[in-house]
Amino acid sequence: MNITHNGLRIEYESDGDEQAPAVLLTMGLGMQLTAWPGSLVQAIVQAGYRVIRFDNRDIGLSSQLDHLGVPNIGWQLVRSRLGLAIRSPYSLQDMAQDTVGLLDALGVQRAHLVGVSMGGMVSQRVAATVPQRVLSLTSVMSSSGAPGLPGPRPHVTRALLKRPRSQRPEHVAAHALNMFRLIGSPAYPQDMPAFEQRVLADAVRSHNPDGVARQLLAVASDTQRHALLQRIACPTLVLHGTADPLVPLACGQDTAARIAGARFESIDGMGHDWPPGVAALLAGHIVPHLQAAQSFASSASNTAPT
């Protein structure tokens, strides 16, 4: 299914009762809506929610913005080291507006936001800039983007900037699997046969390395988001793994510290992925958070003056 917003096609999937409270899942850098663990989606649906997943712009079956050109990542990193602003074809705020446009098209007035990694950053911006549309925020393995926070480990950065041997699905899948081996959760084994099958299916579904590069620049150029986080007033949960080599633990801790009333939960041995054990733990944190936020919203609505 897809909608068109601001000239962009947004591919999405919806699970659960369309009249139930909506939970909008926003995926991370270069990842498609198919990357969400089915067990997590079903746990949220079974708790009585409608789950909406979508492909971010430039990824999956949503609009690929190739007319914006191929970014020179190396040159932009040089500019950054020289203290110059990174030039990005679009911003994370543009991506936040995409998510609001999707809610508009689906007739959803307010939603619970769950975002992972880059998706957490986009969700933070939605919660900070259009708070009237947000029931709660869950930011997973993400960051405030504040200056001075630690970045990825060097070998992870090198791997992130590499490309597959070719555009053949098997080479794309092999490249992705190597990346996941570097950033995976050391305490939680992956179901490798099922995971390899899913990664290959994703490579067949879509592969747009230039889109990933444009998204990466949107993240790198988003240098003022940390100052916006004080605006977030909705119930907020921040989840982060202690063994994350891509977005270190301190990034999640800083996110929670900047949002009034936010609750921070660290998960021992979790990296930057969601094998079955991690997916179960995430569900165990996220579903009660949604329920508490929904109860709070209902109480506030019942006590509001008429």
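Each remark here, short or long, concerns the structure printed above.
Structural notes, computed from the coordinates. These numbers were taken from a predicted model, which means no experiment stands behind them.

Definitions and limits used
Residues numbered from 1 in each chain as written. Predicted model: local features only at pLDDT ≥ 70, side-chain atom pairs only at ≥ 80, totals over all residues. Heavy atoms only, no water. Phe/Tyr/Trp six-rings, centres within 6.5 Å; stacked < 30°, edge-to-face > 60°. Helix = DSSP H or I, 4+ residues; strand = E, 2+ residues; numbered from the N terminus. Buried < 20%, exposed > 50% of the residue type's maximum accessible area, 1.4 Å probe, protein only. Pairing = 2+ DSSP bridges. Core = buried A, V, L, I, M, F, W, Y, C linked by side-chain atoms within 4.5 Å. Contact = heavy atoms within 4.5 Å. Expected span 1.5 Å × (residues − 1). Patch = residues over 30% accessible without salt bridge, like charges linked within 9 Å, V, L, I, M, F, W, Y side chains within 5 Å. Areas by Shrake-Rupley, 256 points an atom, 1.4 Å probe, with all protein chains shown as cover. Salt bridge = Lys/Arg side-chain N within 4 Å of Asp/Glu carboxyl O. Axes fitted to C-alpha atoms, helices over the stretch in contact; angles between N-to-C directions. Parallel < 35°, antiparallel > 145°, perpendicular 65-115°, else oblique. 1 Å grid on protein atoms, 1.4 Å probe; cavity = no way out; pocket = protein on both sides within 12 Å on 5 of 7 lines; lining within 4 Å. Points joined across faces, edges and corners; volume = space filled by probe spheres on them. Nonpolar A, V, L, I, M, F, W, Y, C, P; charged D, E, K, R; others polar.

### A look at the packing of aromatic side chains
1) Next: As enumerated under the stated definition, the model contains 1 aromatic pair in all.
2) Next: Relative to Phe195, the ring of Phe180 has its centre 5.2 Å away and its plane inclined at 85 degrees; by these criteria the two rings are edge-to-face. Of this pair, Phe180 sits in helix 6 (residues 169-183) while Phe195 sits in helix 7 (residues 192-205), placing them 15 residues apart in sequence.
3) Next: A relative accessible area of 12% means that Phe180 is categorised as buried.

### With respect to the pairing of strand 6 (residues 134-140)
1) Next: Counted residue by residue, strand 6 has 7 buried out of 7 residues, so it is predominantly covered.
2) Next: Judged from the 6 bridges that link them, strand 5 (residues 111-116) and strand 6 form a sheet pairing that is parallel. Looking across to strand 6, one finds that Gly115 is bridged to Ser139.
3) Next: As defined by bridge partners, strand 6 adjoins strand 7 (residues 236-241) across 4 bridges and the pair is classed as parallel. Bridged to Thr138 within strand 7 is Leu237.

### Points about the nonpolar core
Generally speaking, a soluble globular protein has its nonpolar side chains buried in company with each other.
1) Next: In terms of nonpolar packing, the biggest core is built from 40 residues, with Leu25, Trp36, Ile44, Trp274, Leu282 and Ile286 touching the most fellow members.
2) Next: Of all the elements in the fold, those that place two or more residues in this core are strand 3 (22-26), helix 1 (38-46), strand 5, helix 5 (154-161), helix 6, helix 7, strand 7 and helix 11 (276-303).
3) Next: In this view, Ile286 contacts Leu40, Ile44, Val114, Thr138, Leu237 and Leu239; residues no more than four positions away in its chain are not counted.
4) Next: Membership of the second largest hydrophobic core comes to 35 residues, among which are Leu8, Ala96, Leu103 and Val108.

### Digging into helix 6
The α-helix winds at 3.6 residues per turn, so residues separated by three or four positions along the chain end up facing the same way.
1) Next: Between its first and last C-alpha, helix 6 extends 21 Å over 15 residues, near the 21 Å set by a 1.5 Å rise per residue.
2) Next: Inspection of helix 6 places His171, Val172, Ala173, Leu177, Met179, Phe180 and Ile183 among the buried residues, and these make up the whole buried set.

### A few points about a nonpolar patch on the surface
1) Next: A contiguous nonpolar surface patch, about 390 Å² in accessible area, is contributed by Trp75, Val78, Leu82 and Leu84.
2) Next: With respect to the helices and strands, Val78 occurs in helix 2 (residues 73-81).

### So, unusual backbone geometry
1) Next: The phi angle at Asp58 is positive, at roughly 75 degrees, despite the residue not being glycine.
2) Next: Along the chain, Asp58 falls in the loop between strand 4 (50-54) and helix 2.
3) Next: Relative accessible area serves as the criterion here: at 0%, Asp58 is assigned to the buried category.
4) Next: One non-glycine residue, Met141, lies in the positive phi region at around 45 degrees.

### With respect to the environment of Leu29
1) Next: Position of Leu29 among the secondary structure elements: in the loop between strand 3 and helix 1.
2) Next: For Leu29, a relative accessible area of 22% puts it in the partly exposed group.
3) Next: On a C-alpha basis, the gap between Leu29 and Leu216 in space is 6.9 Å, while along the polypeptide they are 187 residues apart.
4) Next: Those residues within four positions of Leu29 in sequence are excluded, and the remaining contacts are Met118, Leu160, Val212, Gln215 and Leu216.

### Remarks on the packing of helix 3 (residues 92-106) against helix 4 (residues 118-129)
1) Next: Contact geometry for helix 3 and helix 4: axes closest at 9 Å, N-to-C directions at 75 degrees. For the element pair helix 3 / helix 4, the angle class is roughly perpendicular. The residues of helix 4 that touch helix 3, namely those facing Leu92, Gln93, Met95, Ala96, Thr99 and Val100, are Met118, Met121, Val122, Arg125, Val126 and Thr129.

### Quick notes on the layout of surface pockets
1) Next: In this structure, the second largest pocket occupies an estimated 250 Å³ of space.
2) Next: Lining the second largest pocket are 17 residues, and of these Pro37, Gln190, Phe195, Arg198 and Trp274 sit closest to its centre.
3) Next: Listing elements by their share of the lining of the second largest pocket, those giving two or more residues are helix 1, helix 7 and helix 11.
4) Next: For the lining of the second largest pocket, the per-class residue count stands at 10 nonpolar, 4 polar and 3 charged.

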